[in-house]
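Below, each chain spelled out in residue letters.
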Amino acid sequence: MRGPYLNLRGVAAALLLLAAMSGGGAQAQKSGGVLRIYHRDSPASMSIHEEATNSVVIPMMAVFNNLVLYDQHKAQNSLDTIVPDLAESWSWSEDGTRLTFKLRQGVKWHDGKPFTAADVKCTWDLLTGRAAERLRLNPRKSWWGNVAEIATDNPAEATFVLKRPQPAILALIASGYTPIYPCHVPPRDIRQHPIGTGPFKFIEFKPNERIKLVRNPDYWKPGRPYLDGIEYTIIPNRSTAILAFIAGKFDLTFPYEVTIPLLKDVKQQAPQAVCDLVSTNASTNLLVNREAPPFDNPDQRRALALALDRKSFIDILGEGQGDIGGAMLPSPAGVWGMPPDFLAIVPGYGPDVAKNRVEAREIMQRLGYGPDKRIAIKVAARNIPTYRDPAIILIDQLKEIWIDGEPEPIETASWFPGLARKDYQIGLNNTGSGVDDPDQQFFENYGCGSERDYTGYCNPELEKLFVEQSRWPTERSASAWSAARSATAARRAPVRPRQKP
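Residues numbered from 1 in each chain as written. Predicted model: local features only at pLDDT ≥ 70, side-chain atom pairs only at ≥ 80, totals over all residues. Heavy atoms only, no water.

**Student:** Lay out the packing of aromatic side chains with the relevant residues and their values.
**Tutor:** On inspection of all chains with the given rule, the structure shows twelve aromatic pairs. Centre to centre, the rings of Tyr-219 and Trp-220 are 5.2 Å apart; their planes meet at 50°, and the pair counts as tilted. Comparing Tyr-219 with Trp-220, the two get one shared label, buried. Relative to Trp-415, the ring of Tyr-387 has its centre 5.8 Å away and its plane inclined at 80°; by these criteria the two rings are edge-to-face. In this pair, Tyr-387 is assigned in helix α13 (residues 385-398) and Trp-415 in helix α14 (residues 412-420), connecting sequence segments 28 residues apart. Of the two residues, Tyr-387 and Trp-415, both sit in the buried class. Put simply, the rings of Phe-101, Trp-124, Trp-143, Trp-144 and Phe-160 touch in pairs and so form one group of aromatic residues. (Phe/Tyr/Trp six-rings, centres within 6.5 Å; stacked < 30°, edge-to-face > 60°. Buried < 20%, exposed > 50% of the residue type's maximum accessible area, 1.4 Å probe, protein only. Helix = DSSP H or I, 4+ residues; strand = E, 2+ residues; numbered from the N terminus.)

**Student:** Lay out the nonpolar core in plain terms, naming residues and giving numbers.
**Tutor:** Of all hydrophobic cores here, the largest spans 60 residues; its most connected members are Leu-67, Phe-101, Trp-124, Phe-160 and Ile-173. Ranked by size, the runner-up nonpolar core spans 39 residues in total, among them Phe-295, Ile-403, Leu-419 and Tyr-454. (Core = buried A, V, L, I, M, F, W, Y, C linked by side-chain atoms within 4.5 Å.)

**Student:** Describe in detail α14, supporting the description with residues and values.
**Tutor:** When we look at burial in α14, the residues that qualify are Thr-412, Trp-415, Phe-416, Gly-418 and Leu-419. Across the axial projection of α14, the buried residues extend over an arc of 160°, all falling on one side. Buried residues in α14 make contact with β14 (282-288), β16 (375-382), α13, β17 (403-410) and β18 (426-432). Remark: Lys-422 follows α14 within two positions and exhibits a positive phi of approximately 60°. (Arc of directions from axis to C-beta. Contact = heavy atoms within 4.5 Å.)

**Student:** Give a description of the state of the cysteines that names residues and reports values.
**Tutor:** By definition, a disulfide links the sulfur atoms of two cysteines through a covalent bond. By the definition in use, this model includes two disulfides. Each disulfide pairs two cysteine sulfurs, and for Cys-122 the partner residue is Cys-183, the sulfurs being separated by 1.8 Å. Judged by the sign of its S-S torsion, about 90°, the bond between Cys-122 and Cys-183 is right-handed. Linking Cys-122 in helix α4 (residues 117-128) with Cys-183 in the loop between α5 (169-173) and α6 (187-192), this pair joins segments that are 61 residues apart in sequence. Here Cys-448 engages in a disulfide with Cys-458; their sulfurs sit 2.1 Å apart. Because the torsion about its S-S bond is 95°, the bridge between Cys-448 and Cys-458 counts as right-handed. With Cys-448 in the loop between α15 (438-446) and α16 (460-471) and Cys-458 in the loop between α15 and α16, the pair connects residues that are ten residues apart, well separated along the chain. The exposure class of Cys-448 is partly exposed, given its relative accessible area of 29%. Listing the disulfide partners of the protein chain by sequence rank of the bonded cysteines yields 1-2, 3-4. (Disulfide = S-S within 2.5 Å.)

**Student:** An account of the pairing of β16 is requested, with residue identities and associated values reported.
**Tutor:** Summarising burial for β16: six of the eight residues are buried, a large majority. As judged from the eight bridges shared by β16 and β17, these two strands associate in the parallel manner. The residue bridging Lys-378 from the neighbouring strand is Glu-406, located in β17. What joins β16 to β17 is α13, and the crossover it makes is right-handed. Pairing between β16 and β18: three bridges, direction parallel. Across the sheet, the residue bridging to Ala-380 is Gly-427, located in β18. (Pairing = 2+ DSSP bridges. Right-handed = clockwise from strand over helix to strand, strands pointing away.)

Structural data, given as structure tokens:
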């Protein structure tokens, strides 16, 4: 299993903007200029649908459009904050199994071809594996298991035909991970030179150097975009990137890559910078290869869970500014967060760390380990600070139960394929969630056969609960909640029925 072992949220995530650039509302809307941003690493490709990292979705969202999108002026996403994008409007059938989008007319792809309902169908045929072409990787295929087909009765309308009611599918469609791809451009070309309908056109991606976008003069939103372009400079070293930001070489930091100590440095050296410190829908978690010794033993995995001191991760990495959570983003930032009293019953989440570690060592001794017989392992981590830094803390904590870890940094292009192959003993992962909704979290990260279920955990009984909660609109009886809670506690994986925020 994965999420229950180590799940930290919003650890010192900040976004910095030079005040000299913003200059107030009127000035911000003047046309012209190139937005300069540093990027944390070099992605494997430019194809959002084939990558599991926001290192791709952040720069490439500007190249594409969705059918619908979350209102970018609202800090918290929910079904109530979804607004039109390529779709002008949408409507549900009475039985909740047909979701129809009325599409905008006159929209063109960057190469001049018209956008039609056929492109919507082609996109979901790719995502569901029904197309003749194949995605090299399809990390969010599990999102669309309930889509029977996309019906296109005319070029201006596309209907999602569902196998069962699923109110939250609209939330998945609104995610930045769900752009519309063109029918006439094969996936292999999207990887290196994406063609979209978005406000910016893709110019180039030079691995380990830069990503460059320019203004789309034919964008379907009149007068937009205001900028002439966006340029991302790839700088893997976080401190170097921040120094360049302080020196005025960049207008904006890469999201989620500013620690509290670095934030303090910026405030001292660039007081004109504007900072937004927020909780993020990403969790730091421990991955365990449960198919290979010694961690194929569930008692061994339980010892790992009990050995962790989650609060110390937050204290060290974020100077106390962060949240401990279950699978879902904790409140108040999230609307589905697990209640603290329920979270406390998950093994290893209890506040008495010393007591937990006593139990962990007892388990280890029963398995034949101790001070004179230790386990030597490698701890795999993606080679960027967001992964490496907590991996060092993890290695230190595992020594408490006689496990000696050695860091194994892995470049981004190899990281996710390696996880899919289970090419690790223990991994320190950061799981970004594209949507704050159980349908995204449970099916993607815990569903049987999902590409993002890296440990291969599969529990058909629990998956039935995933499907059951997915049917519910916003409320369900207390008895159903009680049943889900009891099953969850038994399986050590969080699940909640839908309820109004």
